[in-house]
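Geometric and topological summary
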Amino acid sequence: MREAPIGVFDSGVGGLSVLAEIKRLLPNESLLYVADCGNIPYGEKTPEFIRQRCSVMAEFFVKQGAKALVLACNTATVAGVADLRRDYPQWPIVGMEPAVKPAAAATRSGVVGVLATTGTLQSAKFAALLDRFAIDVRVITQPCPGLVELIEAGDLHSPALRQLLHGYLEPLLAAGCDTIILGCTHYPFLKPLLKQMIADDISLIDTGAAVARQLHRLLAERELLASGPSREAQFWTSASPEHLRNILPLLWSGSGVVQEFLL
């Protein structure tokens, strides 16, 4: 069981940013990744639809013999993680949430910005995070339609992307944000571009590393940490495998087989 793989999924390729953090902290683990690109973006879908996709992913990973599940998607976590924890009590399950707590602790100006999908920002879970951790700070939220689609296309630095991002950053910077939460797993891939567009003293915070640490803790508690060596990562996509094969080298430093996900 220790050498069983870990299942990770996202609505698309954004969760590869989380997968990289897991690989960095847990190099002996074998990783399975499903990109539900045929249904992207989750941020515009109903909670019921997302919960159904979460169940499909979980059943797939059961058949693959996974020992743990990571929802590398803020929107999927909001909609589906509670149901998954109820339905699969045998698994350590780790979800995502915007890094409101560390951002509130890090800000010096008292103003925190959040770049996220519409679904995440409108969720009760996000509202609860603000109520719990952001009492003493001002939080400026910015939905970012279109960003996920450009990143899915492998666009990390085009003029069109830069223009879109500038429009989303402008109100945050105008409000005096000195800390910006990247509230979608796709957005860490934009860090190089973002750093060109903001002052050096503005912090960018995402939760990929925190998710990897939580996964490590849960596996260690259950004595499920692998001793290795790990197998090559395996990837599935519900859209064109050829497209994922083409952009994978941009977003993933390792190798891996890409297959079609038919469910």
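Residues numbered from 1 in each chain as written. Predicted model: local features only at pLDDT ≥ 70, side-chain atom pairs only at ≥ 80, totals over all residues. Heavy atoms only, no water.

1. Things to note about the UniProt feature "active site" (unreviewed entry) in the protein
Mapped onto the present numbering, the UniProt feature "active site" (unreviewed entry) falls on Cys73 and Cys184. Across 112 residues in sequence, these annotated residues keep their C-alpha atoms within 6.8 Å of one another, forming a single compact spot. The annotated residues that sit in the lining of the largest cavity are Cys73 and Cys184. The topology assignment puts cysteine 73 in the loop between strand S3 (68–71) and helix H3 (74–87). Residues within four places of cysteine 73 in sequence aside, it is in contact with Phe9, Asp10, Ser11, Tyr42, Met96 and Thr185. You can see cysteine 184 is positioned in the loop between strand S7 (179–182) and helix H9 (191–197). Residue classification places cysteine 184 among the buried residues on the basis of a relative accessible area of 8%. With residues near it in sequence (within four places) discarded, cysteine 184 still touches Asn74, Leu115, Thr117 and Val148. (UniProt positions renumbered as here; feature names shortened; annotations may be inferred. 1 Å grid on protein atoms, 1.4 Å probe; cavity = no way out; pocket = protein on both sides within 12 Å on 5 of 7 lines; lining within 4 Å. Helix = DSSP H or I, 4+ residues; strand = E, 2+ residues; numbered from the N terminus. Contact = heavy atoms within 4.5 Å. Buried < 20%, exposed > 50% of the residue type's maximum accessible area, 1.4 Å probe, protein only.)

2. Describing the sheet that holds strand S5 (residues 111–116)
Read from one edge to the other, the open sheet built from 4 strands follows the order S6-S5-S7-S8, with strand pairing classed as parallel. Only two strands of the sheet have a single partner each, and these edge strands are strand S6 (138–143) and strand S8 (203–205). Shown here is a sheet whose adjacent strand axes are inclined to one another by a mean of 20°, direction ignored. Sheet topology places S5 next to S7; 4 bridges connect them, and they run parallel. Residue pairing in the sheet places glycine 113 in a bridge with isoleucine 180 of S7. (Pairing = 2+ DSSP bridges. Axes fitted to C-alpha atoms, helices over the stretch in contact; angles between N-to-C directions.)

3. Some thoughts on empty space enclosed by the protein
Evaluated as defined, the whole model comprises 2 cavities of 30 Å³ or more. A volume near 80 Å³ is recorded for the largest cavity. Taken together, 15 residues form the lining of the largest cavity, with Ser11, Cys73, Thr75, Thr117 and Cys184 sitting closest to its centre. A class-by-class count of the residues in the lining of the largest cavity yields 5 nonpolar, 9 polar and 1 charged. (Points joined across faces, edges and corners; volume = space filled by probe spheres on them. Nonpolar A, V, L, I, M, F, W, Y, C, P; charged D, E, K, R; others polar.)

4. Points about the UniProt feature "binding site: substrate" (unreviewed entry) in the protein
Per the UniProt annotation, the sites labelled "binding site: substrate" (unreviewed entry) are Asp10, Ser11, Tyr42, Gly43, Asn74, Thr75, Thr185 and His186. Look at the named residues: they lie 177 residues apart in sequence, but the longest C-alpha span between them is just 12.1 Å, so in the fold they bunch up. Considering only the residues just annotated, the largest cavity is lined by Asp10, Ser11, Tyr42, Gly43, Asn74, Thr75, Thr185 and His186. In contact with glycine 43, not counting residues within four places along its chain, are Thr75, Thr117, Thr118 and Gly119. For asparagine 74, a relative accessible area of 5% puts it in the buried group. When neighbours within four sequence positions are excluded, asparagine 74 is seen to be in contact with Met96, Glu97, Pro98, Thr120, Gly183, Cys184 and Thr185.

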